[in-house]
Amino acid sequence: MTNKPATPETETLTAHECWALLRGVSVGRLAVWVADHPDIFPINYTVDHGTLVFRTGEGTKLAAALDETPVALEADGVDADTGIAWSVVVKGSTAPINSTDEVLDSFSLMLFPWQSGHKDAFIRISPTSVTGRRFRVTPPAEWWTAHANAPQASPE
C-alpha cells in the first residue's frame, strides 16, 4: 500500500453540459487556418440557438474565419474554491450574418467587443462537434513530487 495520491479522473461532459458552460463565459480562443499555418485569436462570443456568434473587423481573423476551412473555438474556466476546471471545444463552419433581420437579431445578443474599433462583421459558428471535459486541478506541490516519485528507468 502506498500513500501516493490517486490520479484525478477526467470527466467527459455531455453536449448539454458543454452548452451550459459556454453560456457562462464570454471569452474563448478561435483557431483558424491562415495561409499555411494555424493561428489563434481571443474573441468574445455569445451562444445563440445552438450556435456561437462573435463580432470582428477587417483583417486576418475575419478573412480566415470566412475561408472554407473549418474553425475551432475553445473556452474554459476554473472554480477557484473547488479547484474544478473545465474545457469545451466547438468545431464547425462559419458564415457571415448578412441579412437585415439576422443583423438586427444579432444586436439583441448584447455582444460587445472588448477592444475598440470597427467590429461590424457578425460571424456565426455552426458546430459539427461539441466536446468537453471537467477535472480537478492538480496542486502545484504535486506537479513536482509526482515526477520525483516516478520509477526511474535503469540504464542498459
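Conventions we followed
- Residues numbered from 1 in each chain as written.
- Predicted model: local features only at pLDDT ≥ 70, side-chain atom pairs only at ≥ 80, totals over all residues.
- Heavy atoms only, no water.
- Helix = DSSP H or I, 4+ residues; strand = E, 2+ residues; numbered from the N terminus.
- Contact = heavy atoms within 4.5 Å.
- Areas by Shrake-Rupley, 256 points an atom, 1.4 Å probe, with all protein chains shown as cover.
- Polar contact = N/O pair within 3.5 Å; in protein donor to acceptor, adjacent residues only side chain to side chain.
- Buried < 20%, exposed > 50% of the residue type's maximum accessible area, 1.4 Å probe, protein only.

Chemist: Please explain the overall build of the chain as it appears in this structure.
Modeler: Looking only at helices and strands, one finds four helices and seven strands in the chain. Each helix (α) and strand (β) of the chain, taken in turn from the N terminus, gives the series β-α-β-β-β-α-β-β-α-β-α. Long-range pairs, those at least 24 residues apart, make up 69% of the contacts in the chain between residues at least 6 apart in sequence. Of the roughly 10400 Å² of accessible surface on the chain, 57% is carried by carbon and sulfur atoms.

Chemist: Quick question: what am I supposed to make of the side chain of glutamate 74 here?
Modeler: Looking at the element boundaries, glutamate 74 is found in strand β5 (residues 71-79). Here arginine 29 takes part through its side chain, which lies 2.4 Å from a polar atom of the side chain of glutamate 74. Separated by 2.9 Å, the side chains of glutamate 74 and serine 87 make a polar contact. In this structure glutamate 74 touches Gly28, Arg29, Ser87, Val88 and Val89, once residues within four positions along its chain are discounted.

Chemist: What exactly am I supposed to notice about the side chain of threonine 94 here?
Modeler: Positionally, threonine 94 belongs in strand β6 (residues 84-96). For threonine 94, a relative accessible area of 18% gives the class buried. Once you skip the residues sitting within four places of it in the chain, threonine 94 turns out to touch Ala65, Leu66, Asp67, Val71, Ile123, Arg124 and Ile125.

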